[in-house]
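# Structural overview
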Amino acid sequence: MLLTSSDYIQIIVAIIYAVALYYTVRTFKRSKELDQITITETIFNDLRQLDRELSKLPSSSQDHQGRKELYSRILNTADWLSFLINTKVITDRRMIAYMKPTLIQYYQDTFGQNMLGDER
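Residues numbered from 1 in each chain as written. Predicted model: local features only at pLDDT ≥ 70, side-chain atom pairs only at ≥ 80, totals over all residues. Heavy atoms only, no water.

### Here's the deal with the overall build of the protein chain
Tallying secondary structure elements over the protein chain gives three helices and zero strands in all. Taken from the N to the C terminus, the helices and strands of the protein chain come in the order α-α-α. Per-residue burial for the protein chain yields a buried fraction of 22% across its 120 residues. Of the contacts made within the protein chain by residues no fewer than 6 positions apart, 67% connect residues no fewer than 24 positions apart. (Helix = DSSP H or I, 4+ residues; strand = E, 2+ residues; numbered from the N terminus. Buried < 20%, exposed > 50% of the residue type's maximum accessible area, 1.4 Å probe, protein only. Contact = heavy atoms within 4.5 Å.)

Written as structure tokens, this is what we have:
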């Protein structure tokens, strides 16, 4: 069986399509990873900003309501990150393992030490 020039062209075109499909899939995966990084970076920037706002408040009893609101916002932000991880919007295991201790620490500091301490 002899291959004609049109057969060679079809083989070459099929190879080009396969390579293009491979790079499309690879680009899509990389884009998804970058989206996850962007989401977590935004959330951690929000947490840092809330920490800054909290540190600017004096520890007097006059700002009790302001502190309570900031603690609530910190918990809501950390809870939002937990939700994104639990619903598999953020799936990168290395990123999750890196963030896990920090996220747990935010919950313990904000809720355990501060919110419950203020309620007492």
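Resuming the write-up.
### A closer look at the pattern of salt bridges
Counted by the stated rule, this structure contains two salt bridges. The salt bridge involving Glu53 is made with Arg73; its shortest N-O contact spans 3.4 Å. Note that Glu53 is positioned in helix H1 (residues 5–56) and Arg73 in helix H2 (residues 64–86), a separation of 20 residues in sequence. The partly exposed category is assigned to Glu53, whose relative accessible area is 27%. Among the residues examined, Arg73 registers a relative accessible area of 41% and is labelled partly exposed. (Salt bridge = Lys/Arg side-chain N within 4 Å of Asp/Glu carboxyl O.)

### Structural notes on a nonpolar patch on the surface
Taken together, the side chains of Leu3, Tyr8, Ile11, Ile15, Val19, Tyr22 and Tyr23 make up a nonpolar region of the molecular surface, amounting to roughly 710 Å² of accessible area. For Ile11, the position within the fold is in helix H1. For Ile11, a relative accessible area of 43% puts it in the partly exposed group. (Patch = residues over 30% accessible without salt bridge, like charges linked within 9 Å, V, L, I, M, F, W, Y side chains within 5 Å. Areas by Shrake-Rupley, 256 points an atom, 1.4 Å probe, with all protein chains shown as cover.)

### Concerning the side chain of Ser82
In this structure, Ser82 sits in helix H2. What makes Ser82 buried here is its relative accessible area of 14%. Leave out the neighbours within four places in its chain, and Ser82 touches Leu103 and Tyr107.

Geometric descriptors of this kind do not, in isolation, establish any biological role.
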